[in-house]
Every structure is written in structure tokens, then in C-alpha cells.
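# Inside the fold
Residues per chain, in single letters:
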Amino acid sequence: MNDLSKISGLTRAAGISALHEGYMPGFGNDFETEALPGALPDGMNSPQRCAYGLYGEQLSGTAFTAPSHQNERTWCYRIRPAVKHVGRFSKIDLPYWQSAPNVDPDVISLGQYRWDPVPHAQESLTWLTGMRTMTTAGDVYTQVGMASHIYLVTASMQDEYFYSADSELLVVPQEGRLRFCTELGVIDLEPKEIAILPRGLVYRVELIDGPARGFVCENYGQKFDLPGRGPIGANCMANRRDFKTPVAAFEERETRSRVVIKWQGQFHETWIGHSPLDVVAWHGNYAPVKYDLRTYCPVGAVLFDHPDPSIFTVLTAPSGVEGTANIDFVLFRERWMVAENTFRPPWYHKNVMSELMGNIYGEYDAKPQGFVPGGMSLHNMMLPHGPDNEAFEKASFGELKPGKLDNTMSFMFETRFPQHLTRFAAQEAPLQDDYIDCWDSLKKRFDGTPEGNWD
Ligand SMILES: O=C(O)Cc1cc(O)ccc1O
Ligand SMILES: [Fe+2]
């Protein structure tokens, strides 16, 4: 059911060796790609008549007048203009996909929270019906803040397409494989990879291997970008060449289809008679992208102390206040620990930013128990947190020889805005009621002597 025959309508550029192997390297490059030779106009955007009878159309990802180093747009050459891919709208209900502001008076967001993996349901769920919002922050109406979601996907979208006018989506798979058939090409995605689906991009999500579960950061604000490296220089962390954007691929499918649009926190459907994935060629720098987290090169302390976790930033979405992100996407992956005379795990912490974490696989050093793959935790704005008792003891008494943190990949969506739990997160998802007990057995070690009591 999920084999390649399902998407046999896709046509690929000549020279691409196999379906779905076509990606172009680079982050924010100005790409050009065509699925039929000569479909892209040469040296201009709007010829009087486009090749193959295509329509030329611009997709603007930033204001026309955004500074040139931030300006993003893509020119599409497509079978029908996008105005033919929408009709009249009716509102539909996707009650588990919530947007900020979403402050439920019955829900307390103040607290340290941790969840076991949200289990898969009996019913079959698509990308749309299987999205479960955990937290929201900021305000979707004014395009600031974010939402965090878990997706549970057991079924492909069929003759169904989606776009979010509210947000770009950062997708972090934890299990299963998904195929994103987008207007601008096809992205196959599996755990240890991430993808960014830009605001306004139309796509259909298919299940390749299921069930699929993962995390989504829905960014209402300015787009994710690579962080500046400062004195680290031109290399390490996430490198531009490791980001992959798909080559053009189109469908010529004349079947009744549903297009669902998320707009100002509400969902709307419209019906059309064909596939909207009809872009034969495109050029520009506003495009979906995927990235293999195994190519992330972590930089850390090589003599003593534990740097701020921002050193592991993969992507940052600015908020307008310099250095204070709307969202940072931070990765805690395999690495060597070598610091001398140092408490090596994350230090105890109270943060003006709020920290939503997810575990992709393995064990996280501050929480050897309870923070499991597929699980999440939230340490909200100005809420203290840090290593549990077991991690504290291990790190305080362990021999400080070089040691590899192996088989570990967790991440953080860190935002300058407080995060509000949804009713689902507070009442339906598998919240660990005893999470705060993990700090219970931390002892008082102060005994008035400079040595302290380390018994
Ligand atoms: O585990 C956490 O909550 C995240 C975190 C990581 C780190 O390296 C330092 C501080 C911190 O809060
Ligand atoms: Fe923290």
C-alpha cells in the first residue's frame, strides 16, 4: 500500500537516478530545478507564454521589501495557478491541533512536567487527524511564538492536501517513516532526520513505514535560520551543505481532492478536481528542506565546565530582540565528555526562556530514568530544573576520565515565551505524576565545613 506505485504519477527530472533520490544540497540557496527540460524560463520570471503551457507564479516567504539577505521567494511554473487549487471554504474541526493563545482555565502550566510517549490510537490517523498539540506559546494572530505537537500517523493522506498559512513546521521524527509530497518536490523522512515545511507550502503526507510518531515545532514567527557561529568560525555545528532540498516533481492527477488550510488557528477545507502538486519547475530560495542530525558536529568544553546549551543550537528563529530567540532548536547528541574537575551534566537551572524537550532515542545525561524515547518534558519560564538524584550522584562521584555519551539524541524547543499546556497534554497524554519526585532524594550536603558532607 505504501510502495512507490502509489506515487507513480510523479515525474522526475531526467538524470535523477531513482524516484525520491533527488535532493539539492545547501541551506537557503537559490535553487533551480525542472522536472521537464526547458520548463524554467531563461533569465526572466514572467515570459509572455511559459513553456509547456505552464502558469508562472510567485510564492513569497518574506515581505517583498525584506532585507536582501533575508528575502525569500520562489517562482513556480505549474499546470494551474494556485488560485485554481482553492474554492469556497468551510470550517472543519481538528480539535487536537490547537494554536496560541490557548490558555485553559482548568489547566496549570506552572510546574515541571514530563510525559511518556503518547501511545498510538486504535483508529487510523493521518498527519492532520493525528496531530496532538502539547503546548502553545505567544500568539498565532500576530505571528509570534510557537506550538509543540506530537504526531501519531498510521495512515496516508489520500487525495488530501494541506498547508499552514500560520506557520512553518519543523518535523522531528521519532519512529516510522513519512513521505512529504510537496509542491516543490518529495522529502522522505525518518528518525535522526528533521524537515522544515515552509509557511504556505502545499503537501500531502504518506506513511512509508508505520506507525509513525514524532515531534513538531510549529513556528508562528520569523523563519528558522542557522545560528551565527561567532568565534567558532566557518565550520562545525550544522553545516549548510548537509541540508537537502528536493528537486522538482509534479503530479498530473485529475481526481476530486480536498485541500485543508490552517489559517489563524482555524482549519478550513475546500474541494477541487485535481492534485495541487503540479509545479513542473521552480527556482528560488523559499523551499522545504531536510537535514540529517547525524551530520551535526557538536562543539563543547575541552578542558573544564559545562557551556550553555545554546552551544548545541541547530536552528534559531529570531524574535526581533537580538539574541533572544522566538525558538531555538537545540540538539543533545552523542559526544565525548572530557572536562576536568567538572560537574559534567547540565547544571541546575532557572531560565527566562521555556524549555520543551523530546527524546528521539537513548538516555539523556541529566535524566537517566524516566525521560524515554518518544517522551517529552517541559521546564517552563523561570521554573527550576536540573539533573535528577541519580545523575547528580553519578556525576559527583564518577571518575573524570574521558567518556563517550553514546546512543543519545534528545532535543529542545526553547522559546522566549511561556508555554501553556493544552487540555490534551494535561488530561489525556501520559503525564508522569511523579516526575518532580526525581529531585526528592537530593540531599543537603552543607554541614558548615569547607569540604561539605559527601557521604
Ligand atoms: O536539561 C535541560 O533542562 C536542558 C539544559 C541543558 C544544558 O546543557 C544545560 C542546562 C539545561 O537546562
Ligand atoms: Fe534549562
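It should be emphasised that the depicted structure is a prediction, and the values quoted were computed from it without experimental measurement.

Cut-offs used in this document
- Residues numbered from 1 in each chain as written.
- Chains lettered and ligands numbered in written order.
- Predicted model: local features only at pLDDT ≥ 70, side-chain atom pairs only at ≥ 80, totals over all residues.
- Heavy atoms only, no water.
- 1 Å grid on protein atoms, 1.4 Å probe; cavity = no way out; pocket = protein on both sides within 12 Å on 5 of 7 lines; lining within 4 Å.
- Points joined across faces, edges and corners; volume = space filled by probe spheres on them.
- Helix = DSSP H or I, 4+ residues; strand = E, 2+ residues; numbered from the N terminus.
- Nonpolar A, V, L, I, M, F, W, Y, C, P; charged D, E, K, R; others polar.
- Near = heavy atom within 4 Å.
- Polar contact = N/O pair within 3.5 Å; in protein donor to acceptor, adjacent residues only side chain to side chain.
- Areas by Shrake-Rupley, 256 points an atom, 1.4 Å probe, with all protein chains shown as cover.
- Sits in = over half its atoms within 2 Å of the grid points.
- UniProt positions renumbered as here; feature names shortened; annotations may be inferred.
- Buried < 20%, exposed > 50% of the residue type's maximum accessible area, 1.4 Å probe, protein only.
- Contact = heavy atoms within 4.5 Å.
- Phe/Tyr/Trp six-rings, centres within 6.5 Å; stacked < 30°, edge-to-face > 60°.
- Domains from an automatic or database assignment.
- Buried area = accessible area lost by both parts, 1.4 Å probe.
- Salt bridge = Lys/Arg side-chain N within 4 Å of Asp/Glu carboxyl O.

### Some details on the layout of surface pockets
What the largest pocket holds in volume is close to 1100 Å³. At the level of elements, strand 8 (144–153), strand 19 (313–321) and strand 20 (324–337) are the ones that each hand at least two residues to the lining of the largest pocket. When residues in the lining of the largest pocket are grouped by element, the largest group, 6 residues, is from strand 19. In terms of residue class, the lining of the largest pocket is built from 17 nonpolar, 24 polar and 8 charged.

### Concerning the site of ligand 1
Looking at ligand 1, the residues that line it are His306, Pro309, Phe332, Pro346, Trp347, His349, Glu355, Met357, Tyr364, His379 and His385. One of the side-chain nitrogen or oxygen atoms of His306 is found 2.6 Å away from an oxygen atom of ligand 1. Take His385: an N or O atom from its side chain is 3.1 Å from an oxygen atom of ligand 1. The fraction of the free accessible surface of ligand 1 (310 Å²) that becomes covered by protein chains is 98%. With respect to the pocket detection grid, ligand 1 is positioned in the largest cavity. A breakdown of the residues in the shell around ligand 1 according to their chemical character gives 6 nonpolar, 4 polar and 1 charged.

### Some words on empty space enclosed by the protein
Taken as a whole and judged by the stated rule, the model has 2 cavities of 30 Å³ or more. In this model, the largest cavity occupies a volume close to 200 Å³. Pro346, Glu355, Met357, Tyr364 and His385 are, among the 19 residues lining the largest cavity, the residues nearest its centre. Contributing elements (two or more residues each) for the lining of the largest cavity: strand 21 (354–362) and strand 22 (376–379). Classifying every residue of the lining of the largest cavity by side-chain character gives 10 nonpolar, 6 polar and 3 charged.

### Topic: the UniProt feature "binding site: homogentisate" (unreviewed entry) in the protein
Here the UniProt-annotated "binding site: homogentisate" (unreviewed entry) positions come out as Tyr364 and His385. The annotated residues occupy 22 residues of the chain but converge on a single region, no pair of C-alpha atoms lying more than 14.2 Å apart. Among the residues just listed, Tyr364 and His385 line the largest cavity. Here Tyr364 is to be found in the loop between strand 21 and strand 22. Look at Tyr364 and you get buried, because its relative accessible area is 7%. The residues touching Tyr364, leaving out its near neighbours within four places in the chain, are Phe332, Pro346, Met357, Phe371, Thr408 and Ser410. With respect to the helices and strands, His385 occurs in the loop between strand 22 and helix 1 (389–397).

### Regarding the environment of His420
Relative to the helices and strands, His420 resides in strand 24 (residues 420–421). The class of His420 is partly exposed, set by a relative accessible area of 27%. The spatial distance from the C-alpha of His420 to the C-alpha of Glu160 is 31 Å, given a sequence separation of 260 residues. Ignoring sequence-local partners within four residues, the contact set of His420 consists of Asn102, Val103, Ser109, Met134, Thr135 and Thr136.

### Focus: unusual backbone geometry
In this model, Ala100 is joined to Pro101 through a cis peptide bond whose omega is 0 degrees. Note on placement: Pro101 falls in the loop between strand 5 (90–92) and strand 6 (112–115). Phi at Lys192 takes a positive value of approximately 85 degrees, unusual for a residue other than glycine. Here Lys192 shows up in the loop between strand 11 (185–189) and strand 12 (193–197).

### Things to note about the packing of aromatic side chains
With the rule as written, the count across this model stands at 23 aromatic pairs. Ring geometry for Phe343 against Phe392: centres 5.4 Å apart, planes inclined by 40 degrees, an arrangement best described as tilted. Within this pair, whereas Phe343 is found in the loop between strand 20 and strand 21, its partner Phe392 is found in helix 1, the two being separated by 49 residues in sequence. On the basis of relative accessible area, Phe392 is assigned to the buried category, the value being 16%. With centroids separated by 5.0 Å and ring planes inclined at 55 degrees, the aromatic side chains of Tyr435 and Trp439 adopt a geometry described as tilted.

### Digging into the domain arrangement of the protein
Once the domains are mapped, the protein shows domain 1 (4–112 + 119–293) and domain 2 (295–437). Distance from the C-alpha centre of domain 1 to the C-alpha centre of domain 2: 28 Å. Between domain 1 and domain 2, the residue contacts involve 54 residues of the former and 50 residues of the latter. Where domain 1 abuts domain 2, roughly 4400 Å² becomes buried across the two surfaces, and 69% of that area is made up of carbon and sulfur atoms. Between domain 1 and domain 2 we count 2 salt bridges in total. The closest approach of N and O atoms between Arg423 and Asp104, which form a salt bridge, is 2.7 Å. Run the count over domain 1 and domain 2 and you get 19 residue pairs in polar contact (both at pLDDT 80 or more).

### A short note on the pattern of salt bridges
Here the structure, examined in full by the defined rule, presents 25 salt bridges. The residue Arg177 makes a salt bridge to Asp209 at a minimum N-O spacing of 2.9 Å. Highlighted residues: Arg177 in strand 10 (residues 168–182) and Asp209 in strand 13 (residues 203–219), separated in sequence by 32 residues. Three or more residues are tied together by salt bridges with common partners; here these are Asp159, Arg204, Glu206, Glu251 and Arg253.

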